[in-house]
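Below are the chains, spelled out letter by letter.
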Amino acid sequence: IAEEQAVAMISGMAKGGIRPVYNVYSTFIQRTYDQIAQDLCINSNPAVINVVGGGVRSMNDITHICHFDIPMLCSIPGLIYLAPTTCEEYFAMLAWAIRQDRKPIALRVPTNGVYHATEPVDTEYGYESKYKVTHEGSHVAIIAAGSFYQKGENVVCLLADKGIDATLVNPRYITGVDEALLDDLKRDHTLVITLEDGVLDGGFGEKIARYYGPSDMKVLNYGVKKEFIDRYDVEEQLKKNRLTVPQIVEDICRIW
């Protein structure tokens, strides 16, 4: 209905030289798969999509679950899906997405509150996935995407209390892998953890696990189970999927 029309319209607007920004809830973007693939991405029209409410802390009745946008959008060729972690990073990515003229860009607007960057954020982004190391440690690396980046920070802090100096990575791009960075982690890391605020099946973490498949690197993926759930309690859902910080730290210490 309205969502399909909106994507077809912004594709035509972008083709005509306008830079439209379309805001849509994660649960409703599922209706637009065909238009994103065939109207927008096949034509490489540089429209911008703000995906709002993606994650476990969003709408929670069974017809409006917001867990499935990452696997859906990441399956479409030609679309870049960015996952900002702070207010400043979001606005920087949005400004770049509007300025650039080569690709459709989607941004996963954080849903875990408003966090502010403590250091300057990048203002230019490219078309290849380039992750950013925000703390350099060894042995264990935490790759924490979007709304779960602050969870990654907390995991790193708790691990430090246990004598583990873990690396922290902000992937920024969730449509692809940064092969150079992942290869570099092989030098002095043996365990990689991925955190994403969405369903695991077909999600961001599986890309990392698949890349490391032929190597000796161990990978733990954290996200939510693929299922329909109705009017769930957020904290219970996090515990059920071992997504609380103490549970993640416990798993890491047991394996490492």
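Residues numbered from 1 in each chain as written. Predicted model: local features only at pLDDT ≥ 70, side-chain atom pairs only at ≥ 80, totals over all residues. Heavy atoms only, no water.

(A) Region of interest: the sheet that holds strand β3 (residues 80-82). Spatially, four strands are ordered β1-β2-β4-β3 in an open sheet, and the strand pairing comes out parallel. Two strands close off the open sheet at either side, each with one partner strand: β1 (21-25) and β3. Here the strands of the sheet are splayed against their neighbours by 20° on average, with no regard to which way each runs. The pairing of β1 with strand β2 (residues 48-52) spans five bridges and is classified as parallel. Note on β2: the bridge partner recorded for Y22 is I49. Running at roughly 160° to β1, helix α1 (residues 2-15) makes contact with β1 and β2 of the sheet. (Pairing = 2+ DSSP bridges. Helix = DSSP H or I, 4+ residues; strand = E, 2+ residues; numbered from the N terminus. Axes fitted to C-alpha atoms, helices over the stretch in contact; angles between N-to-C directions. Contact = heavy atoms within 4.5 Å.)

(B) Highlighting helix α10 (residues 245-255). When we look at burial in α10, the residues that qualify are V245, Q247, I248, V249, D251 and I252. Looking at the packing, one finds that the buried side of α10 touches β6 (139-144), α6 (149-161), β8 (189-199), β9 (218-224) and α9 (234-240). (Buried < 20%, exposed > 50% of the residue type's maximum accessible area, 1.4 Å probe, protein only.)

(C) Molecular detail of the packing of aromatic side chains. Applying the stated criterion across every chain yields a total of six aromatic pairs. With 6.1 Å between their ring centres and 65° between their planes, W96 and Y125 make a pair best called edge-to-face. Note that W96 is positioned in helix α5 (residues 87-99) and Y125 in the loop between β4 (105-108) and β5 (132-135), a separation of 29 residues in sequence. Judged by relative accessible area, Y125 falls into the buried class, the value being 6%. Both rings, one in Y211 and one in Y212, keep their centres 6.0 Å apart while their planes meet at 70°; by these two values the pair is edge-to-face. Assessed through its relative accessible area of 23%, Y211 is described here as partly exposed. According to the relative accessible area criterion, Y212 is buried, its value standing at 1%. (Phe/Tyr/Trp six-rings, centres within 6.5 Å; stacked < 30°, edge-to-face > 60°.)

(D) Structural context of the sheet that holds β5. Reading across from one edge, β5-β7-β6-β8-β9 is the order of the five strands in this open sheet, with mixed pairing throughout. Each end of this open sheet is capped by a strand with a single partner; those strands are β5 and β9. Each strand axis lies, on average, 25° off the axis of its neighbour in the sheet, ignoring direction. Across six bridges, the pairing between β8 and β9 is parallel. What sits directly across from I193, in β9, is L220. Each of β5, β6, β7 (167-170) and β8 touches α6; the most contacted strand, β7, lies at about 175° to it.

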